[in-house]
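As a plain string of letters, each chain reads:
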Amino acid sequence: AAGKYGYINIAGATAIPFQYDWVSKFNNGLAKEKVNSKFGLIDIKGDTILNCEYDNIGDFSDSLAMVVQNGKVGYVNRHGDIVIPVKYEYSADLLAGGMFNDGLAKVQLYKRRGFIDTAGKVVIHFIYDDALPFKEGLAPVLSAKKWGYINRKGKTVIRNKYDYAANFSDSLARVTLKGQTGFID
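Presented here is an overview of the structure given in this document. (Residues numbered from 1 in each chain as written. Predicted model: local features only at pLDDT ≥ 70, side-chain atom pairs only at ≥ 80, totals over all residues. Heavy atoms only, no water.)

Comments concerning the environment of Met-66
Piece 1. Mapping Met-66 onto the fold places it in strand β8 (residues 64-69).
Piece 2. For the pair Met-66 and Tyr-128, spaced 62 residues apart in sequence, the C-alpha separation works out to 20 Å.
Piece 3. Setting aside residues no more than four positions away along its own chain, Met-66 makes contact with Asn-56, Ile-57, Gly-58, Val-73, Gly-74, Tyr-75, Leu-94, Leu-95 and Gly-98. (Helix = DSSP H or I, 4+ residues; strand = E, 2+ residues; numbered from the N terminus. Contact = heavy atoms within 4.5 Å.)

Dropping the structure here:
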């Protein structure tokens, strides 16, 4: 069908019919598909894993992917089962930033940020104005207009004093304090 997407095999023959408005590349045997402005998931045989009923789908991390539906987010597993209910608030930065890192994902409720584990249990309560994902065991968090860092138990390990704080990478994090930008370890 004209303007539709599908997949071909290495010989150039149609492997999955050209019936989608958009498709992603396959990643570990699954691909995102879009039909009538809604997203779903298919496997490499073209079988539906998750019906096209979501406004968006994030990438898988820790075997879970965020799904967005009617302004709310939840998580599905690789079988298309909803394992964390679609109940958290959607915010555009959560689609990438809501992936699981170090076993935790940031989510939003009542316009506040917190973290859940892969079982959906709230591990760090919704007390932050903003948060970045965990990297190297720490997450930057914003509270009272200042950034600091918490550990996976929610304990503040670097107090909130920075105007900006980035994730740690190779044991260093970029921060801004009083107009000066540098690195902390």
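Some thoughts on the nonpolar core
Piece 1. Counting 15 residues, the largest nonpolar core has Met-66, Tyr-75, Ile-84, Tyr-88, Phe-100, Val-107 and Ile-116 as its most contacted members.
Piece 2. Of all the elements in the fold, those that place two or more residues in this core are β8, β9 (72-77), β10 (82-89), α1 (94-97) and β11 (104-109).
Piece 3. In this view, Ile-84 contacts Leu-64, Gly-74, Tyr-75, Phe-100, Ile-116, Asp-117, Thr-118, Ala-119 and Gly-120; residues no more than four positions away in its chain are not counted.
Piece 4. Formed by 12 residues, the second largest nonpolar core is a distinct cluster that contains Leu-138, Ile-158, Ala-165 and Ile-184. (Core = buried A, V, L, I, M, F, W, Y, C linked by side-chain atoms within 4.5 Å. Buried < 20%, exposed > 50% of the residue type's maximum accessible area, 1.4 Å probe, protein only.)

Description of the pairing of strand β4 (residues 30-35)
Piece 1. For strand β3 (residues 22-23) and β4, the ladder comprises two bridges, and the chain directions are antiparallel. Within β4, the residue paired with Val-23 across the bridge is Glu-33.
Piece 2. With antiparallel pairing between neighbouring strands as the criterion, β3 and β4 make up a hairpin whose turn holds six residues, including Asn-28 at a positive phi of roughly 50°.
Piece 3. Bridge count between β4 and strand β5 (residues 38-43): six bridges; the pairing is antiparallel. (Pairing = 2+ DSSP bridges.)

Quick notes on the packing of aromatic side chains
Piece 1. Taken as a whole, this structure holds seven aromatic pairs when the rule is applied.
Piece 2. Centroid distance Trp-22 to Phe-39: 5.8 Å. Interplanar angle 75°. Geometry classified as edge-to-face. Of this pair, Trp-22 sits in strand β3 while Phe-39 sits in strand β5, placing them 17 residues apart in sequence.
Piece 3. Between the aromatic rings of Phe-115 and Phe-134, the centroid separation amounts to 4.8 Å while the plane-to-plane angle is 70°, which identifies the pairing as edge-to-face. Separated by 19 residues along the polypeptide, Phe-115 in strand β12 (residues 112-117) and Phe-134 in the loop between β14 (130-131) and β15 (138-143) bring together distant segments of the chain. For the residue pair Phe-115 and Phe-134, the accessibility class agrees, reading buried in each case. (Phe/Tyr/Trp six-rings, centres within 6.5 Å; stacked < 30°, edge-to-face > 60°.)

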